[in-house]
4 protein chains.
Amino acid sequence: MDKFLHEHPITPRTESEKKAVVNRLKRIEGQVRGIQKMVEEDRYCVDILVQISAINAALKKVGYTVAERHMKYCVSHAVQSGEGNDMIEELMEVMKQISK
Amino acid sequence: MDKFLHEHPITPRTESEKKAVVNRLKRIEGQVRGIQKMVEEDRYCVDILVQISAINAALKKVGYTVAERHMKYCVSHAVQSGEGNDMIEELMEVMKQISK
Amino acid sequence: MDKFLHEHPITPRTESEKKAVVNRLKRIEGQVRGIQKMVEEDRYCVDILVQISAINAALKKVGYTVAERHMKYCVSHAVQSGEGNDMIEELMEVMKQISK
Amino acid sequence: MDKFLHEHPITPRTESEKKAVVNRLKRIEGQVRGIQKMVEEDRYCVDILVQISAINAALKKVGYTVAERHMKYCVSHAVQSGEGNDMIEELMEVMKQISK
């Protein structure tokens, strides 16, 4: 996908929506810093791998939240204006990437 | 896996090994902060998903680096002392998690 | 997800759509049989793993084709009748499973 | 990975090991045929996706069984003859593919 169709969601995110996602990302940021510390303290490899796997799961969860909202607002809106298919293909492309 | 067998890798990480991993994690931390900003600026959902997918890929890469080193040092050492199988099972368990 | 909302797609698959998917599944079926043979011939583990990974990729591709068609027909139709959100949640649930 | 180092596992699979893996693959083959039937009967997209996701999970499980055995026999053997690292790198390469 080399070009995005939009700058913003069709229906703007509410402040509470933004806050919920940002809070989850802040937690993830903290977890990433936590792993840096583990590496610096030369902690056991498998403990580090467990943390990495937890962050990956948390990030995917954020991704699914974003994707679901995208479908409920942007894609649905596009479908109603008869332009759903482009947006569906755009979304499928990125879902393939995320699921890797 | 509810219990880890070790506190540290059998062969300590060198300073340059630590630095290489920490640098990659710092970059990932920056990317996570970048997504927070995108959410706050109400950026387009698919742009955010593309970033999430990039971070996941970067994290997995760190994971594979850690796992490979674990096999070359810790697991190999355990194999040579006749205790490889426990460590192999421990590693497989966490690889299943990471690959999700 | 413990209950499916429909027995069939809202717009029936055409014969050529069915044939295209079935052909890909027949190829996958042949690949699975190929691995059985490899195991019986006691072939090298990594060769078998490479084949398993190829089948997984092929299956996911079929999954994305089915999901994309589902969005273009069933979900789009539901959106137009004002019942899109249930179907979107149903789809997200199964996408999470597939991406594991 | 464009070249495999071996034709066979270092320690041959026993008949019962072979049978266990082949049986699981036969079940997977049956599941793939089951999806073909679902497509021919024009069954609901999400039902088909659920089945695809079940097969992917089953295949990955076979993959992990094969990989674990590979580590316990082939990789361990290579480690003991001082040639572990090549085989570890070969394995990591294919694990990255499988986890996609």
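On a predicted model such as this, the values are computed, not experimentally measured, just so you know.

A. A look at the overall build of chain A. If you tally the helices and strands in chain A, you get three helices and zero strands. Going from N to C terminus, chain A has its helices and strands arranged as α-α-α. Since a compact globule built from 100 residues should have a radius of gyration of about 13 Å, the 17 Å found for chain A marks it as more spread out than a globular shape. Relative to its 100 residues, chain A shows a buried fraction of 50%. Counting only contacts in chain A whose residues sit at least 6 apart along the sequence, the fraction spanning at least 24 positions is 63%. Roughly 4,600 Å² of accessible area belongs to chain A as shown, and the carbon and sulfur atoms make up 50% of that amount.

B. Region of interest: the pattern of salt bridges. Under the criterion given, the structure shown has 44 salt bridges over all chains. The closest approach of N and O atoms between E41 of chain A and R43 of chain A, which form a salt bridge, is 3.9 Å. You can call E41 of chain A partly exposed: its relative accessible area is 36%. With its nearest N and O atoms 3.5 Å apart, the salt bridge here joins K18 of chain C to E15 of chain C. Of this pair, K18 of chain C and E15 of chain C both sit in helix α1 (residues 15-40), separated by three residues, roughly a single helical turn. Accessibility expressed as a relative area gives 12% for K18 of chain C, which makes it buried. Taken together, the shared-partner salt bridges in this structure form one network comprising E29 and R33 of chain A together with E29 and R33 of chain B.

C. Structural context of the side chain of N56 of chain C. Tracing the backbone through its elements, the reader meets N56 of chain C in helix α2 (residues 45-80). N56 of chain C has contacts with N56, L59 and K60 of chain D, leaving out every residue within four places of it along the chain.

D. Just empty space enclosed by the protein, in detail. What the rule picks out here adds up to one cavity of 30 Å³ or more. Of the voids in this model, the largest cavity is the one considered here, and its volume is about 50 Å³. For the lining of the largest cavity, the secondary-structure elements that each account for two or more residues are α3 (84-98) of chain B together with α3 (84-98) of chain D. By residue class, the composition of the lining of the largest cavity is eight nonpolar, no polar and no charged.

E. Structural detail: the relation of the copies chain A and chain B. Each copy superposes on the other: chain A lies on chain B with an RMSD of 0.0 Å after a rotation of 180° and an axial shift of 0.0 Å. On the angle and the small slide along the axis, the relation comes out as a two-fold axis. Same-surface contact between copies: 100% of interface residues of chain A are shared with the interface of chain B.

F. Here's a closer look at the confidence of the model for chain A. The pLDDT averaged across chain A works out to 92; a share of 95% of its residues lies at or above 70. For chain A, per-element mean pLDDT is lowest for helix α3 (residues 84-98) of chain A, which scores 92, and highest for helix α1 (residues 15-40) of chain A, which scores 98.

Definitions and cut-offs
- Residues numbered from 1 in each chain as written.
- Chains lettered and ligands numbered in written order.
- Predicted model: local features only at pLDDT ≥ 70, side-chain atom pairs only at ≥ 80, totals over all residues.
- Heavy atoms only, no water.
- Helix = DSSP H or I, 4+ residues; strand = E, 2+ residues; numbered from the N terminus.
- Rg over C-alpha atoms; globule rule 2.2 N^0.38 Å.
- Buried < 20%, exposed > 50% of the residue type's maximum accessible area, 1.4 Å probe, protein only.
- Contact = heavy atoms within 4.5 Å.
- Areas by Shrake-Rupley, 256 points an atom, 1.4 Å probe, with all protein chains shown as cover.
- Salt bridge = Lys/Arg side-chain N within 4 Å of Asp/Glu carboxyl O.
- 1 Å grid on protein atoms, 1.4 Å probe; cavity = no way out; pocket = protein on both sides within 12 Å on 5 of 7 lines; lining within 4 Å.
- Points joined across faces, edges and corners; volume = space filled by probe spheres on them.
- Nonpolar A, V, L, I, M, F, W, Y, C, P; charged D, E, K, R; others polar.
- Least-squares fit on C-alpha atoms with pLDDT ≥ 70 in both.
- pLDDT = per-residue confidence, 0-100.

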